[in-house]
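# Examining the three-dimensional arrangement
Chain by chain, the residues:
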Amino acid sequence: MEASLTARDRVGIQDFVLLDPYTSETAFLENLKKRFHENLIYTYIGTLLVSVNPYKDFDIYSKKQMDIYMGVNFFELPPHIYALADNVFRTMLSEFNNHFILISGESGAGKTEASKKILQFYAVSCPSTKLLNNVRDRLLLSNPVLEAFGNAKTLKNDNSSRFGKYMDIQFDHQGGAVGGHVLSYLLEKSRVVHQNHGERNFHIFYQLVEGGEEDLLRWLGLERNCQHYRYLVQGDCAKVSSINDKSDWRTVRKALSVIEFSENDIEQLFGIIASVLHLGNIKFEANERGYASLNNNNQEMNWVSKLLGIPTQVLQQGLTHRKIEAKAEEVFSPFSVDHAVYARDALAKAIYGRTFNWLVNKINESLVNKDSSRKTVIGLLDIYGFEVFNVNSFEQFCINYCNEKLQQLFIQLTLKSEQEEYEMEGIEWESVPFFNNKIICDLVEEKHRGIISLLDEECLRPGEATDLTFLEKMEEKIAGHPHFVTHKLADQKTRKTLDRGDFRLLHYAGEVTYCVVGFLDKNNDLLYRNGKEVMRQSKNAIIKLCFPSTEPDSKRRPETVVTQFKSSLVGLTEILMSKEPWYVRCIKPNEAKQPGRFDDVLVRHQVKYLGLMEHLRVRRAGFAYRRKYEIFLQRYKALCPDTWPNWKGTAAEGVHCLVKHMGYTPDEYKMGRTKIFIRHPKTLFATEDAFQV
Ligand code: ATP
Ligand code: MG
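Conventions we followed
Residues numbered from 1 in each chain as written. Chains lettered and ligands numbered in written order. Predicted model: local features only at pLDDT ≥ 70, side-chain atom pairs only at ≥ 80, totals over all residues. Heavy atoms only, no water. Helix = DSSP H or I, 4+ residues; strand = E, 2+ residues; numbered from the N terminus. Rg over C-alpha atoms; globule rule 2.2 N^0.38 Å. Buried < 20%, exposed > 50% of the residue type's maximum accessible area, 1.4 Å probe, protein only. Contact = heavy atoms within 4.5 Å. Near = heavy atom within 4 Å. Polar contact = N/O pair within 3.5 Å; in protein donor to acceptor, adjacent residues only side chain to side chain. Areas by Shrake-Rupley, 256 points an atom, 1.4 Å probe, with all protein chains shown as cover. Nonpolar A, V, L, I, M, F, W, Y, C, P; charged D, E, K, R; others polar. Salt bridge = Lys/Arg side-chain N within 4 Å of Asp/Glu carboxyl O. Donors = N, O, S within 2.8 Å, 3.2 Å for Na, K, Ca; no water. Core = buried A, V, L, I, M, F, W, Y, C linked by side-chain atoms within 4.5 Å. Pairing = 2+ DSSP bridges. 1 Å grid on protein atoms, 1.4 Å probe; cavity = no way out; pocket = protein on both sides within 12 Å on 5 of 7 lines; lining within 4 Å. Points joined across faces, edges and corners; volume = space filled by probe spheres on them. Expected span 1.5 Å × (residues − 1).

## Focus on the overall build of the chain
Tallying secondary structure elements over the chain gives 28 helices and 19 strands in all. Relative to the globule expectation of 26 Å for 693 residues, the C-alpha radius of gyration of the chain, 28 Å, shows essentially globular dimensions. C-alpha atoms of the chain, sized along the principal axes, occupy 95 × 65 × 55 Å. Relative to its 693 residues, the chain shows a buried fraction of 56%. Restricting to contacts in the chain with at least 6 residues of sequence separation, those with at least 24 account for 68%.

## A look at the site of ligand 1
By nearness alone, 21 residues border ligand 1, and Ser-107, Gly-108, Lys-111, Ser-160 and Gly-385 come closest of all. Interatomic distance of 3.0 Å between a side-chain N/O atom of Tyr-61 and a nitrogen atom of ligand 1. Taking Asn-159, its main chain carries an N or O atom lying 3.5 Å from an oxygen atom of ligand 1. Contact with the protein chains covers 88% of the free accessible surface of ligand 1, which is 630 Å². Counted by class, the shell around ligand 1 contains 6 nonpolar, 10 polar and 5 charged residues.

## Structural notes on the pattern of salt bridges
According to the stated counting rule, one finds 40 salt bridges in the structure shown. Notably, a salt bridge pairs Asp-215 with Arg-218, separated by 3.5 Å at the nearest N-O pair. Taken together, the positions of Asp-215 and Arg-218, both in helix α8 (residues 214-220) and 3 residues apart, correspond to about one turn of that helix. For the pair formed by Asp-215 and Arg-218, the shared burial category is exposed.

## Some points on the coordination of the magnesium ion (ligand 2)
The coordination sphere of the magnesium ion (ligand 2) contains the protein donors Thr-112 (OG1) and Ser-161 (OG), at a distance range of 2.0 to 2.2 Å. Residue Thr-112 is located in helix α5 (residues 111-125), and its partner Ser-161 is located in strand β5 (residues 160-161); the two are separated by 49 residues in the primary sequence. Both residues of the pair, Thr-112 and Ser-161, belong to the buried class.

## With respect to the nonpolar core
Grouped together as the largest cluster of nonpolar side chains are 130 residues, with contacts concentrated most on Ile-101, Tyr-122, Phe-149 and Phe-205. Looking at this core, the element that brings in the most residues is helix α14 (residues 337-367), giving 14 residues. Excluding residues that lie within four positions of it along the chain, Phe-205 makes contacts with Val-192, Leu-232, Ile-273, Val-276, Leu-277 and Tyr-352. Membership of the second largest hydrophobic core comes to 69 residues, among which are Ile-13, Leu-381, Cys-398 and Tyr-609.

## Describing the pairing of strand β1 (residues 42-45)
Along β1, one buried face is formed by Tyr-42 and Tyr-44 and the opposite face, lined by Thr-43 and Ile-45, is buried too. The antiparallel hairpin formed by β1 and strand β2 (residues 48-52) contains 2 residues in its connecting segment, where Gly-46 sits at a positive phi of about 65 degrees.

## Focus: the side chain of Asn-298
By secondary structure assignment, the location of Asn-298 is in the loop between β9 (292-293) and α12 (299-308). A polar contact is formed between the side chain of Asn-298 and the backbone nitrogen of Met-301, at a distance of 3.1 Å. Setting aside residues up to four positions removed in sequence, Asn-298 forms contacts with Ile-282 and Lys-283.

## Description of unusual backbone geometry
For the bond from Asp-20 to Pro-21, the omega torsion is -5 degrees, close enough to zero to count as cis. Of note, Pro-21 is situated in the loop between α1 (2-11) and α2 (25-37). The backbone phi angle of Leu-186 is positive, close to 20 degrees, even though this residue is not glycine. You can call Leu-186 partly exposed: its relative accessible area is 30%.

## Describing the layout of surface pockets
Empty space within the second largest pocket amounts to approximately 1500 Å³. Breaking the lining of the second largest pocket down by element, the ones donating at least two residues are α4 (81-95), α15 (394-424), β16 (580-587), α25 (612-621), β17 (625-628), α26 (629-636) and α28 (681-692). Counted by class, the lining of the second largest pocket contains 19 nonpolar, 13 polar and 16 charged residues.

## Quick word on α2
Here α2 spans 18 Å end to end across 13 residues, near enough to the 18 Å set by a 1.5 Å rise per residue. All buried positions along α2 are accounted for by Glu-25, Ala-27, Phe-28, Leu-29, Asn-31, Leu-32, Arg-35 and Phe-36. With a side-chain oxygen positioned 3.3 Å from the backbone nitrogen of Thr-26, the residue opening α2 is Ser-24. One or two positions beyond α2, positive phi appears at Asn-39, with a value near 65 degrees.

In structure tokens:
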């Protein structure tokens, strides 16, 4: 007794549901901290997994560990991401339905690492055949490829996801991983041409320059020196101690071949990556009339022309002129130098962004399962986390909006629907208050009045509207909103001053001040029409696919970036709502990315906004498991002579009879209108064990 008390004192409790007093935030934090210092980074709240980023590697992800967790009841072993993965897998197999795991937390909290661990668990532990091994390898290796092209070093995280990723892993009825599908969301393209101080461009550029074979670099016309490329040095940190670009290059290169990229694909792909670097180095000079001009023998231009297979003349004309259609004639109007730089950057962003989409499609082709038999899926959602920098722009606005939506989904699926279900089922219940961030989602996305609508309206007034008129419009239309602050209102609401060109949103996860500069431009994401036309002449097979000649011309306005993003998030929500949810909530222990440091204030803040205390309260007061009477009876009827083999009465009566026979005590379960509710998992496990015997 003595010994076990000491052990428990030292390592804390592994499920917050057992915390005493469970309403105390301080006790919650103490437990988390105690465990963190014992290298126990995982703790449960019922079936939800809380994970604290250790910022160091330890040996808990080996094959041996996987074997230990495979097929063992969830609460029998110390909390682990493998236990969650296994539990999801087993539930999927026994109920033959679809699931998803929502991994959330702010930038650097460990979401991507968590999603990789889960994927590895499935890839290594699931039943497998030689044929399936192929799929397994591809599933695993899609990760380093997507990370190389879609992740970058930011101030928050050396491997920050700059796109949202939802991945379905498909299983056959025996539990073999037979295929997959990736959906990607809004890549932060602006990073291709601009990085803030202390940040980098996407990893792939540095990997290529640092790790690319001599022959390859020669063929691409690249120097082995990142400092040489304008697009790589703006953040002034091309080298990062935690990143080994050279060995990452080898991993990516190998992964590409496993995912069935042909040598030709690979050549074309790196031709594009190199041409983006060359594009960035193209300089314009003002000619005698003040327009942008290019030196005739511009080396960089020649390389772009060679690598993309576009005649130099065409490229040159495309970068320095805009095509205007006047009557039946085509007139080329020259750009100013600023305009030309803008058009060049727009082209680089478009090329990279579209190539990224091509890459995702290509990966999907290699993961596709052509067999039409019914499959079930486990979806993994790993999206860019909530982020706050000193200067926040359109990109942070989109990322943080996305996080609001996911928080809303979490609330709907856990706190709200949980409580509604008890009510609906007629189970006595004292409701738990929680902050519902719907008010912030509405502020951003409401039709006609939300920030997105106002931004889009301004984007429809080219020439007249500016970033500042957008700000004014917001001030006029949503000034009274409790989560919106501008310069004029700052003192009353948050007592902190704001610059004239800023607005502040009081997000569920904290305040963020956004600088309005660039919002219109980034939302419009205009690529001059002749930019597209130039690309259509490319002989590079990937570029040909990315800029198809069938693409409608820009006479009709394309949807703005944020509106497209909003629709894609609606689509994502629909995908998720049709599946059973599981959660991993990731916590960042300190801002310094250091092991062993647990910053109480920082963690307390995350525990608060992630709604963990509310979740615990609902869990604690509620019931861990529930099953429709029909399903419960069907599964366990063999345990009771009265219900086996056929029960003649209603399913509810059958279940009643069954649980009586099993000796459930009255406080262990409740009978609702359509379901049985079981308070503790151990009750269900005991039943399950009896069933297995
Ligand atoms: P973002 O929103 O910026 O993409 P993220 O939540 O995906 O952030 P990760 O990239 O998963 O964050 O984690 C950041 C870093 O923290 C990792 O590169 C790794 O160094 C460390 N880390 C995260 N989780 C773990 C873990 N379980 N074990 C060891 N180190 C970890
Ligand atoms: Mg990530």
